[in-house]
Amino acid sequence: MEQNVPTDGPRLNRRRFLQAGGLGLSTLALSGPLLAACSGSALGDSTGGAGSSAPSAGSSAGQASQGSGAVTSARSLKVGFVSPITGPAAGFGEPDSYVLSLARRAFADGLTVGGKKYAVQVIDKDGQSNPQRGSQVANDLITSEGVDLMLTTSTPETVNPVSDACEAAGVPCISTVVPWEAWYYGRGAKPDQKAAYKFTYHFCFGVQQFYLAYSHLWPQVSTNKKVAVMWPNDSDGNAIRAALGPLLAKDGYTIVDPGAYTDGTNDYSAQIAKFKAEKCEIMSTFPIPSDFATFWQQAAQQGFRPKIAQAAKTGLFPSQVEALGGLGVDLAGAAYWTPTYPYASSLTKVGSKELADGYESASGKQWTQQLGATLALFDAGAAALQKASDPTDRNAVAAAIGTLDVQTPVGRLQWGNGPVANVVATPIIGGQWVKAASGSKHPLEFVLCENSADPKVPVAAKLQPFGA
């Protein structure tokens, strides 16, 4: 399929909110229907059978997950995977174990490239939400493990240093879940460079997709169009400030910006006072989860209650929003994947709804949008290795990524169509956290309220004012 890319509330506990980001899941057993879907993969059928347990995502790094039939080849292909399992961005890594188990099962009988069968090892590492740690584990995967391909996801603090290490070492890398401008320009590319990197490639939404979501979402509630912005002094915040602010201003919004703040700030009284003085009725934030918990509690205590409370980078996952208590209900957000996306994984053949249902059944937790993005990384990685003239040749794999066309849960990824050669811009779609319907097994659910970036994704509701 083609994809269009164009109050007072309960007292918050900062530690509880941080912990709600979650650690990696323990070993998960896959349900029967999902195993059946995985075993239908074109990449090979595990002989374990639908009733067997999936390979543990928490198993020793570097071990290939194989069926009972041995895979013979000159050597194994090694795929590195780095994400934040611990630290402030741990919510992004919450579903990793489940997705890794799906990928390892799909790779269990090896990967056939050019008539030759290769065993595949997936070696996962925790970037700990820390740039230094991300760089360290990337270099370890490159030098000690000799990975043929690197995959990495979730926030510039993890993705950018991993990408930089790969570019420097000449190792092909695919990344996601960093606004593409923060990844591309945040690593040093110049505005006039259309192909700044040889080995590192990326797929993710960007400023244009945020603008589409917000400019179609916010008009659903009547406001004075004054936007209080909390954009931090980091790669994400600076990219958003430079590009999104002017786009919204051209659309008639007044941007009230008290200036970039430092991650880890504990007192937002000055910013809140400015927002109240300017009578801002929309709030747009781009903070790490712990900072948002602090700011949003202080805003409630000091009487700042906008009609639209729009969060990005935080408020993406159920655990984060539930940790806010009553202050999380009606929080507006945006999604880069939901179970209603009409797309499936080319590697595992698992559709979006089946992916969410399987995760909930195996983990006992609510689906998160990171499921689709992380599985999409493995779709792209497998397709790149298969397309390369020699999957053990790093230059050949990098060249294959540059013209890759692959179907994933987040949609169809086609490198070479812009916005720059190294990037595929994917949709992000506006929505809102609302109280779940009676009888639901979850307290909150995320509903999509617009689909300007991909009309194939269905809209489920209209945006409601915060606290309505």
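What counts and what doesn't
Residues numbered from 1 in each chain as written. Predicted model: local features only at pLDDT ≥ 70, side-chain atom pairs only at ≥ 80, totals over all residues. Heavy atoms only, no water. Phe/Tyr/Trp six-rings, centres within 6.5 Å; stacked < 30°, edge-to-face > 60°. Helix = DSSP H or I, 4+ residues; strand = E, 2+ residues; numbered from the N terminus. Buried < 20%, exposed > 50% of the residue type's maximum accessible area, 1.4 Å probe, protein only. Core = buried A, V, L, I, M, F, W, Y, C linked by side-chain atoms within 4.5 Å. Contact = heavy atoms within 4.5 Å. Disulfide = S-S within 2.5 Å. 1 Å grid on protein atoms, 1.4 Å probe; cavity = no way out; pocket = protein on both sides within 12 Å on 5 of 7 lines; lining within 4 Å. Points joined across faces, edges and corners; volume = space filled by probe spheres on them. Nonpolar A, V, L, I, M, F, W, Y, C, P; charged D, E, K, R; others polar. Pairing = 2+ DSSP bridges. pLDDT = per-residue confidence, 0-100. Axes fitted to C-alpha atoms, helices over the stretch in contact; angles between N-to-C directions. Parallel < 35°, antiparallel > 145°, perpendicular 65-115°, else oblique. Left-handed = near helix turned anticlockwise from the far one by under 90°.

Quick look at the packing of aromatic side chains
Argument step 1. The full count for this structure, using the stated rule, is 25 aromatic pairs.
Argument step 2. With a centroid separation of 6.2 Å and an interplanar angle of 80°, the aromatic rings of F203 and W415 are classed as edge-to-face. With F203 in strand β7 (residues 200-204) and W415 in the loop between β14 (411-414) and β15 (423-425), this pair connects stretches of sequence that are 212 residues apart. Per residue, the accessibility class of F203 equals that of W415, and both read buried.

As for the nonpolar core
Argument step 1. If you look at the biggest cluster of nonpolar residues, it comprises 59 residues, and the most contacted ones within it are F107, I174, F203, F378 and W415.
Argument step 2. It is helix α13 (residues 370-387) that contributes the most residues to this core, 10 residues altogether.
Argument step 3. Ignoring any residue separated from it by four or fewer positions in sequence, one finds I174 in contact with L149, M150, L151, T152, Y201, F203, L377, A380, G381, A384, I401 and W415.
Argument step 4. Counting 35 residues, the second-largest nonpolar core is a separate cluster that includes V227, V229, F286 and L316.

As for the state of the cysteines
Chemically, a disulfide is nothing more than a covalent bond linking the sulfur atoms of two cysteines.
Argument step 1. Under the criterion given, the structure shown has 0 disulfides.
Argument step 2. As a non-bridged cysteine, C173 has C166 as the owner of its nearest cysteine sulfur, 4.1 Å distant.
Argument step 3. Overall, the relative accessible area of 0% leaves C173 in the buried class.

With respect to the layout of surface pockets
Argument step 1. When its volume is computed, the largest pocket comes out at roughly 310 Å³.
Argument step 2. Elements with a contribution of two residues or more to the lining of the largest pocket: α12 (352-363) and β17 (444-448).
Argument step 3. Of the residues belonging to the lining of the largest pocket, the class tally is 8 nonpolar, 5 polar and 4 charged.

Section: the pairing of β7
Argument step 1. Most of β7 is tucked away: 5 of the 5 residues are buried.
Argument step 2. Residues T200, H202 and C204 of β7 are buried on one face, and the alternating residues Y201 and F203, pointing to the opposite face, are buried as well.
Argument step 3. In the sheet, strand β6 (residues 173-176) pairs with β7 via 4 bridges, with the strands oriented parallel. Paired with C173 across the two strands is T200, which belongs to β7.

Comments concerning the confidence of the model for the chain
Argument step 1. Within the chain, residue pLDDT values average 86, and 84% of them lie at 70 or more.
Argument step 2. Predicted confidence is poor over residues 1-70, with pLDDT under 50, and the contacts of this stretch with residues over four places away or in other chains come to 186 contacts.

Comments concerning the packing of α13 against helix α14 (residues 394-401)
Argument step 1. Running from amino to carboxyl end, α13 crosses α14 at an angle of 120°, the nearest separation of the two axes being 8 Å. With respect to each other, α13 and α14 are oriented oblique. Crossing angle aside, the handedness with which α13 passes α14 is right-handed. Of α14, the residues touching α13 (which contributes A384, L385 and K387) are V397, A400 and I401.
Argument step 2. Counted by class, the contact of α13 with α14 contains 5 nonpolar, no polar and 1 charged residues.

Thoughts on the sheet that holds β7
Argument step 1. Across the sheet, 6 strands lie side by side as β4-β1-β5-β6-β7-β15; this open sheet has parallel pairing. At either margin of the open sheet sits one strand with a lone partner, and together these are β4 (120-126) and β15. Going across the sheet, the axis of each strand differs from the next one's by a mean of 15°, ignoring polarity.
Argument step 2. Alignment of strand β1 (residues 77-83) against β4, held across 7 bridges, turns out to be parallel. The residue of β4 that forms the bridge with F81 is D124.
Argument step 3. Lying over the sheet, helix α3 (residues 96-106) contacts β1 and β4, oriented at roughly 170° with respect to β4.
Argument step 4. Across the face of the sheet, α13 comes into contact with β1, β4, β5 (149-153), β6 and β7 while running at roughly 165° to β5.

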